[in-house]
Every structure is written in C-alpha cells, then in structure tokens.
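Descriptive analysis of the structure
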Amino acid sequence: PYTTLFRSSTAITVTSPPDPVPPTLVSVNPTNGASNVVISSNLIATFSETIVKGTGNITLKNLTDATDTVISVASSEVTASGSVLTINPTGNLLSAKYAIQIDATAVKDAADNAYAGINNNGVWNFTTEVLPYVWSQTAGGAQSWLTGGNWLGGVVPNPVAGDTVDFSAANI
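Everything in this summary refers to the structure shown in the same document.

Reading guide: rules and limits
- Residues numbered from 1 in each chain as written.
- Predicted model: local features only at pLDDT ≥ 70, side-chain atom pairs only at ≥ 80, totals over all residues.
- Heavy atoms only, no water.
- Helix = DSSP H or I, 4+ residues; strand = E, 2+ residues; numbered from the N terminus.
- Buried < 20%, exposed > 50% of the residue type's maximum accessible area, 1.4 Å probe, protein only.
- Lys, Arg positive; Asp, Glu negative; His and termini not counted.
- Salt bridge = Lys/Arg side-chain N within 4 Å of Asp/Glu carboxyl O.
- Polar contact = N/O pair within 3.5 Å; in protein donor to acceptor, adjacent residues only side chain to side chain.
- Contact = heavy atoms within 4.5 Å.
- Pairing = 2+ DSSP bridges.
- Axes fitted to C-alpha atoms, helices over the stretch in contact; angles between N-to-C directions.
- 1 Å grid on protein atoms, 1.4 Å probe; cavity = no way out; pocket = protein on both sides within 12 Å on 5 of 7 lines; lining within 4 Å.
- Points joined across faces, edges and corners; volume = space filled by probe spheres on them.
- Nonpolar A, V, L, I, M, F, W, Y, C, P; charged D, E, K, R; others polar.

Some points on the side chain of E77
- Along the chain, the position of E77 falls in the loop between β8 (67-72) and β9 (78-81).
- One buried charge, E77, has no salt-bridge partner; the nearest side chain with opposite charge is K53, at 10.0 Å.
- There is a polar contact of 3.0 Å between the side chain of E77 and the backbone nitrogen of T90.
- Those residues within four positions of E77 in sequence are excluded, and the remaining contacts are I71, T86, I87, N88, P89 and T90.

Here we look at the sheet that holds strand β5 (residues 43-47)
- Strands sit in the order β3-β5-β10-β9 across an open sheet of 4 strands; the sheet is antiparallel. Edge strands, defined here as strands with exactly one partner in the open sheet, are β3 (25-29) and β9. Here the strands of the sheet are splayed against their neighbours by 15 degrees on average, with no regard to which way each runs.
- Sheet topology note: the β9/strand β10 (residues 84-87) ladder contains 4 bridges and is antiparallel. Bridge pairing in β10 links V78 to I87.

Some details on the sheet that holds strand β4 (residues 34-37)
- The strand order across the open sheet formed by 5 strands is β4-β13-β11-β7-β8, and the pairing between neighbours is mixed. Each having just a single partner strand, β4 and β8 make up the two edges of the open sheet. Averaged over neighbouring strand pairs, the angle between their axes works out to 25 degrees when direction is ignored.
- Alignment of strand β7 (residues 57-62) against strand β11 (residues 97-102), held across 5 bridges, turns out to be antiparallel. Bridged to I58 within β11 is I102.

Side note on the layout of surface pockets
- Of the volumes computed, that of the largest pocket is approximately 160 Å³.
- For the largest pocket, the lining is made up of 13 residues, of which L60, T69, G91, N92 and L93 are closest to its centre.
- Of all the elements in the fold, those that place two or more residues in the lining of the largest pocket are β7 and β8.
- When residues in the lining of the largest pocket are grouped by element, the largest group, 3 residues, is from β8.
- Grouping the constituent residues of the lining of the largest pocket by class yields 5 nonpolar, 6 polar and 2 charged.

Okay, here's the thing in structure tokens:
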C-alpha cells in the first residue's frame, strides 16, 4: 500500500513499513487436552492474522502406538483461509492419543513471516473416542474359539464392554 502526494511537478511516494511480526497460534480445535474427539474430525488451528501455506509438514503423532502420519502442507489435506488452517486427514484418526506438530516453515503471513511452529507434544494434544470392536469369525466348518487364525483379526478375541462378537459365519 502506498500513497502518492503531488506538489508542483514532484511526486513523493510514502510506503507502509514492512510487517515484522510473525503469526501466532490463538486457538486449536480440538482443544489441547481434549478427550473423546470424534475420529472423523478436522483439525483446526486459528492464528493471530491472515496466513498462507508455506513449505514443510504437519505431523500427526500417534502417542499410543508411536506412529506418525506426516502431511505436506502443499497437499489438499491442508487448507488456509483467512486466519484458519484446516487439516483434513484422508482417513479417520484411530482411537488413540495424538499430538500435532507443525514445521516452522509450514505457515506464514502475507509478509512472509513464518509461524514458529510446534515441535513438542505438549502444545496441541488430544485423545480420540474409543470405538467398540466387532470380532468376526472366519467362514467355515466348526471352529475353535481358542485358535487365533479362526478370527478375522488373526487373534483370539478378548472382548471388553461395548464390543460385539459376531458368530454369523460360525458353524456352532
């Protein structure tokens, strides 16, 4: 943005000073420490100013089984609109505890000031809902309850409250 002032035949151009302030994280959804988060939820980070995607990754750290899902900010799974960054993973989250980490190069403002990023598990973490499991027996003749190979999961079921054991394919 600039303004041109005219005095006689001399033009003076006045420009705005550059923006030296990087965006900061204002809020996250699900909130830090949330529990029973729906596994199909989008992950939303709201910043202090309008943002654009930079370069780098966002990492969904599954703290329950120590696996990571790395999403490039260039992918369609990540969108920036106004001050909101939305992460829409291609698949549902698992029933687990997650921490979200954002590379320091992944988000910036219009003046190219980079967000500092999240490089630890304490800033944005949450636990997803626990879904009941359906144990299904493989098709065939009489099958032993105690043989893992006779179950679709390959292990002998150890049902807990809320689980369903499906005997529809069993010959009992």
